[in-house]
Amino acid sequence: MLVRVKDPDVNILIPLPNFLVFNWLTALIARRAVMRHAEALRALSYRDYLRLVYALRRSKWKLRGKPLVEVKEQDGTHVVIRL
């Protein structure tokens, strides 16, 4: 996974290995964080989070090089997350 943040003042590039991002421990931590902050996602179980993580892991070959998330703001900030 590659996270790139471009700002008029700052250019940040963070490479993250996929096996560290997409595993059962990350799913558990994400679920706990979401349970505290997001009311709409509280209905998802731990098994649902695991399914999401495994689906992303399987699709990394199909999405290779294509942005998973891309955000452009009017102030010049550009965030891209690629698998």
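Scroll up for the structure.
Residues numbered from 1 in each chain as written. Predicted model: local features only at pLDDT ≥ 70, side-chain atom pairs only at ≥ 80, totals over all residues. Heavy atoms only, no water.

Chemist: For the sheet that holds strand 1 (residues 2-6), give the residues involved together with the corresponding values.
Modeler: Here 4 strands make up an open sheet; going across it, the order is 2-1-4-3 and the pairing antiparallel. Each having just a single partner strand, strand 2 (11-15) and strand 3 (67-72) make up the two edges of the open sheet. Strand-to-strand twist of the sheet, defined as the mean angle between neighbouring strand axes without regard to direction, takes the value 5°. (Pairing = 2+ DSSP bridges. Helix = DSSP H or I, 4+ residues; strand = E, 2+ residues; numbered from the N terminus. Axes fitted to C-alpha atoms, helices over the stretch in contact; angles between N-to-C directions.)

Chemist: Please provide a residue-by-residue account of a nonpolar patch on the surface, values included.
Modeler: Together, V10, I12, I14 and L16 give the surface a local cluster of nonpolar side chains, amounting to about 280 Å² of exposed area. Within the secondary structure layout, I14 lies in strand 2. (Patch = residues over 30% accessible without salt bridge, like charges linked within 9 Å, V, L, I, M, F, W, Y side chains within 5 Å. Areas by Shrake-Rupley, 256 points an atom, 1.4 Å probe, with all protein chains shown as cover. Salt bridge = Lys/Arg side-chain N within 4 Å of Asp/Glu carboxyl O.)

Chemist: I'd love a proper account of helix 3 (residues 46-59), names of residues and values included.
Modeler: Residues spaced three or four apart along an α-helix face the same direction, because each turn holds 3.6 residues. A rise of 1.5 Å per residue sets the reference length of helix 3, with its 14 residues, at 20 Å; its end C-alpha atoms lie 20 Å apart and thus fit the reference within 8%. Regarding helix 3, the residues found buried are Y49, L50, V53 and S59. (Expected span 1.5 Å × (residues − 1). Buried < 20%, exposed > 50% of the residue type's maximum accessible area, 1.4 Å probe, protein only.)

Chemist: Tell me about the environment of Y49, and please be specific about residues and values.
Modeler: Note that Y49 resides in helix 3. Taking the C-alpha atoms as reference points, Y49 and V80, 31 residues apart in sequence, are found 23 Å from one another.

Chemist: I'd like a description of the packing of helix 2 (residues 24-37) against helix 3, backed by residues and values.
Modeler: Close contact between helix 2 and helix 3 brings their axes to 9 Å; oriented N to C, the two are set at 125°. Taken together, the axes of helix 2 and helix 3 are oblique relative to one another. Along this stretch, helix 2 crosses helix 3, giving a crossing that reads as right-handed. Across the interface between the two elements, W24, A27, L28, R31 and V34 from helix 2 touch Y46, Y49, L50 and V53 from helix 3. Split by residue class, the contact of helix 2 with helix 3 holds 8 nonpolar, no polar and 1 charged. (Parallel < 35°, antiparallel > 145°, perpendicular 65-115°, else oblique. Left-handed = near helix turned anticlockwise from the far one by under 90°. Contact = heavy atoms within 4.5 Å. Nonpolar A, V, L, I, M, F, W, Y, C, P; charged D, E, K, R; others polar.)

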